[in-house]
Amino acid sequence: ETGVTQTPRHLVMGMTNKKSLKCEQHLGHNAMYWYKQSAKKPLELMFVYNFKEQTENNSVPSRFSPECPNSSHLFLHLHTLQPEDSALYLCASSVRDRSTYEQYFGPGTRLTVT
Amino acid sequence: QKEVEQNSGPLSVPEGAIASLNCTYSDRGSQSFFWYRQYSGKSPELIMFIYSNGDKEDGRFTAQLNKASQYVSLLIRDSQPSDSATYLCAVNIEYSGGGADGLTFGKGTHLIIQP
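So, a few notes on the structure that sits alongside this text. (Residues numbered from 1 in each chain as written. Chains lettered and ligands numbered in written order. Predicted model: local features only at pLDDT ≥ 70, side-chain atom pairs only at ≥ 80, totals over all residues. Heavy atoms only, no water.)

### Focus: the environment of M32(A)
Residue and element names in this part refer to chain A.
Item 1. In this structure, M32 sits in strand β4 (residues 31–37).
Item 2. Taking the relative accessible area as the measure of exposure, M32 reaches 1% and is therefore buried.
Item 3. Separated by 20 residues in sequence, M32 and K52 have C-alpha atoms that sit 8.3 Å apart.
Item 4. Beyond its immediate stretch of four places on either side in the chain, M32 contacts C23, Q25, F47, V48, Y49, S71, S72, H73, L74, C91, A92 and S93. (Helix = DSSP H or I, 4+ residues; strand = E, 2+ residues; numbered from the N terminus. Buried < 20%, exposed > 50% of the residue type's maximum accessible area, 1.4 Å probe, protein only. Contact = heavy atoms within 4.5 Å.)

Dropping the structure here:
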């Protein structure tokens, strides 16, 4: 374990459902990230939060809605997803410092949209 | 569009030999470079990072960076069957305005260590 936890680890949802993914980091970091990993594609950055403020939305559809209530917790709210949104969703955290950029990943949530 | 390129493999290496993994990147402004190891069904695990030109060694792993050639590599000495995994190369993204530091990833190289 890297100090970043994610729940649930597996999620199956219909296209009309609303669900949320949760991420918590225990590393004292102050930046958190959501990435998407689909089959045959590179890891894709979705959202970045620095000091609880969203600083980047990497052209992600509005059916994905992030929330960062504090520097230790990050959520990804999901609604009216499409089957092509099925993927592994990974949370990562890092220290927000221009001299270091190392990001540590949680175990991921395997999402299946039916 | 910032890109990171890796040979997807599979790269097959005999046990005990040196495995050499390569990566090129398109953005000359990139400053930080990372190697992650990902086992099937697991999340990426950070194994090496390098910020300056040259070599950086950590145990059996050596990262090499050549910014002029926009090339970064990972050498694994005395390869073990447990090193069999997909190795992801990642490069930092510096957004204008001093904002976030996301990473751009390559598709990864599948490494197989043959006993």
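### Quick word on the environment of Q6(A)
All names here are of chain A.
Item 1. Relative to the elements of secondary structure, Q6 occurs in strand β1 (residues 4–7).
Item 2. With near-sequence residues (within four places) excluded, Q6 lies in contact with K22, C23, W34, Y89, L90, C91, G106, P107, G108 and T109.
Item 3. At 3.1 Å, the side chain of Q6 and the backbone oxygen of Y89 are in polar contact.
Item 4. At a separation of 2.9 Å, a polar atom in the side chain of Q6 contacts the main-chain amide nitrogen of G108. (Polar contact = N/O pair within 3.5 Å; in protein donor to acceptor, adjacent residues only side chain to side chain.)

### Overview of the pattern of salt bridges
Residue and element names in this part refer to chain A.
Item 1. Taken as a whole and judged by the stated rule, the model has five salt bridges over all chains.
Item 2. As a salt-bridge pair, R63 and D85 come within 2.7 Å of each other at their nearest N and O atoms. Here D85 lies in the loop between β8 (73–79) and β9 (87–94) and R63 lies in the loop between β6 (53–57) and β7 (64–70), a separation of 22 residues in the sequence. Side by side, R63 and D85 carry an identical accessibility label, which is buried. (Salt bridge = Lys/Arg side-chain N within 4 Å of Asp/Glu carboxyl O.)

### Some remarks on the packing of aromatic side chains
Item 1. A complete count under the given rule lists ten aromatic pairs over all chains for this structure.
Item 2. Judged by centre distance (5.8 Å) and plane angle (90°), the rings of Y35(A) and F105(B) are edge-to-face. With Y35(A) in strand β4 and F105(B) in strand β10 (residues 103–105), the pair connects residues from two separate chains.
Item 3. Exposure remark for F105(B): the relative accessible area of 4% places this residue in the buried category.
Item 4. Residues F34(B) and Y51(B) carry aromatic rings whose centres are separated by 6.2 Å and whose planes lie at 75° to one another, so their mutual orientation is edge-to-face. Of the two residues, F34(B) sits in strand β4 (residues 33–38) while Y51(B) sits in the loop between β5 (45–50) and β6 (54–58), which places them 17 residues apart along the sequence.
Item 5. Using a relative accessible area of 23% as the deciding quantity, one classes Y51(B) as partly exposed.
Item 6. Among the aromatic residues, ring-to-ring pairing joins Y33(A), Y35(A), F105(A), Y36(B) and F105(B) into one connected group.
Item 7. Note that K56(B) overlies the ring of F49(B), its terminal NZ or CZ placed 3.5 Å from the centroid. (Phe/Tyr/Trp six-rings, centres within 6.5 Å; stacked < 30°, edge-to-face > 60°. Lys NZ or Arg CZ within 6 Å of the ring centre and 35° of its normal.)

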